[in-house]
Amino acid sequence: MATKGTVSHTGRVLSVFRDTVTVAVESTEACGSCASRSACGLGVQSNTRNILVTTSEAHLYSVGEAVVVTTRTQMGLTAVALSYFVPMVILVATLAVAVGVGVSEGLAAAISLLSVGVYYALLWLLRDKLAKKISFTIQKQ
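In every chain, residue numbers begin from 1 and rise along the written sequence. In view of the model being predicted, local features appear only for residues whose pLDDT reaches at least 70, and side-chain atom pairs are presented and counted only at 80 or more, with totals across whole chains, interfaces and linings using the full set of residues. To obtain the side-chain values, all non-hydrogen atoms of the structure were used and water was disregarded.

### Quick look at the confidence of the model for the protein chain
Okay, so step 1: Model confidence for the protein chain is summarised by a mean pLDDT of 85, while 84% of its residues fall at 70 or above.
Okay, so step 2: pLDDT gives the predictor's per-residue confidence on a scale running from 0 to 100. Under the scheme used here, helices are H or I runs from DSSP no shorter than 4 residues and strands are E runs no shorter than 2 residues, and both carry numbers assigned from the N terminus. Within the protein chain, the lowest mean pLDDT, 56, falls on helix H1 (residues 37-40), and the highest, 96, falls on helix H3 (residues 105-125).

Rendered as structure tokens:
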């Protein structure tokens, strides 16, 4: 199903609203051989994720219908970097700088956690812009 440079998962339509389709995607055996399975979050057994797909053809889908959701591998890697890698770098860097300038360890830890909280708040504020860059396509199975 997936072509080179893409990641595809089958799922079932949970809901359809205006220009969005919510799809429940369950991990499959194919995830076992995927190198990105631990970062993706779909590679965990019995793990179901809901994916929101924006499409002008949402009206063509119905609840319970089997579909295939696809994204480019690069988009998945970008999402993993923004969700896991960047916050870790912020946490460690802020902690190192705070301890380096003489802040107590407890305060340095609090500052580091606060900085990650600010980062996630910024991601939340920019969610609409990010949703345009990290998108999924949907097709009937």
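### Observations regarding the side chain of Glu 65
Okay, so step 1: The topology assignment puts Glu 65 in the loop between strand E3 (48-54) and strand E4 (66-72).
Okay, so step 2: Polar contacts, as used here, are pairs of N or O atoms within 3.5 Å; protein pairs need one atom able to donate a hydrogen and one able to accept it. Residues neighboring in sequence count only if both atoms are side-chain atoms. At 2.8 Å, the side chain of Glu 65 and the side chain of Lys 140 are in polar contact.
Okay, so step 3: Beyond its immediate stretch of four places on either side in the chain, Glu 65 contacts Gly 11, Arg 12, Val 13, Leu 60 and Lys 140. Should any heavy atoms of two residues lie within 4.5 Å, those residues are considered in contact.

### Some thoughts on helix H2 (residues 73-100)
Okay, so step 1: Multiplying one less than the number of residues by 1.5 Å gives the expected span of a helix. The end-to-end C-alpha distance of H2 is 38 Å, a good match for the 40 Å that 28 residues give at a rise of 1.5 Å each.
Okay, so step 2: Throughout, bend refers to the angle between the axes fitted to the seven residues that end at a position and the seven residues that start at it. By the largest-angle criterion, Ala 81 marks the main kink of H2, which is about 40°.
Okay, so step 3: Every buried residue of H2 is accounted for by Met 75, Pro 87 and Ala 98.
Okay, so step 4: Buried residues along H2 sit against E4, H3 and helix H4 (127-133).
Okay, so step 5: Positive backbone phi, approximately 100°, marks Gly 102, located one or two places after H2. Under the scheme applied here, a residue whose accessible area is under 20% of the maximum for its type counts as buried, over 50% as exposed, and between as partly exposed, the area being computed with a 1.4 Å probe on protein chains only.

### Considerations on the packing of aromatic side chains
Okay, so step 1: Geometry of aromatic contacts follows a simple scheme: Phe, Tyr and Trp rings, the Trp one being its six-membered ring, pair when their centres are within 6.5 Å, and the pair is stacked under 30 degrees between planes, edge-to-face over 60, tilted otherwise. Taken as a whole and judged by the stated rule, the model has one aromatic pair.
Okay, so step 2: Note on criteria: charge over ring means Lys NZ or Arg CZ within 6 Å of the ring centre, with the direction from the centre no more than 35 degrees off the ring normal. The ring of Trp 124 is capped by Arg 127, whose NZ or CZ atom sits 4.0 Å from the centre of that ring.
Okay, so step 3: When the ring centre of Tyr 61 is taken as origin, the NZ or CZ atom of Lys 140, which lies over that ring, is 5.1 Å away.

### Examining the nonpolar core
Okay, so step 1: In terms of nonpolar packing, the biggest core is built from 11 residues, these being Val 13, Val 21, Val 23, Val 25, Ile 51, Val 53, Ala 58, Tyr 61, Val 67, Val 69 and Ile 138.
Okay, so step 2: It is strand E2 (residues 20-26) that provides the largest number of residues to this core, a total of three residues. Only buried residues count toward a nonpolar core. Its members are Ala, Val, Leu, Ile, Met, Phe, Trp, Tyr and Cys residues joined through side-chain atoms within 4.5 Å.

### Thoughts on the environment of Leu 52
Okay, so step 1: Mapped onto the elements of the fold, Leu 52 is located in strand E3.
Okay, so step 2: Among the residues examined, Leu 52 registers a relative accessible area of 54% and is labelled exposed.
Okay, so step 3: With 37 residues separating them in the primary sequence, Leu 52 and Ser 15 have C-alpha atoms 9.5 Å apart.

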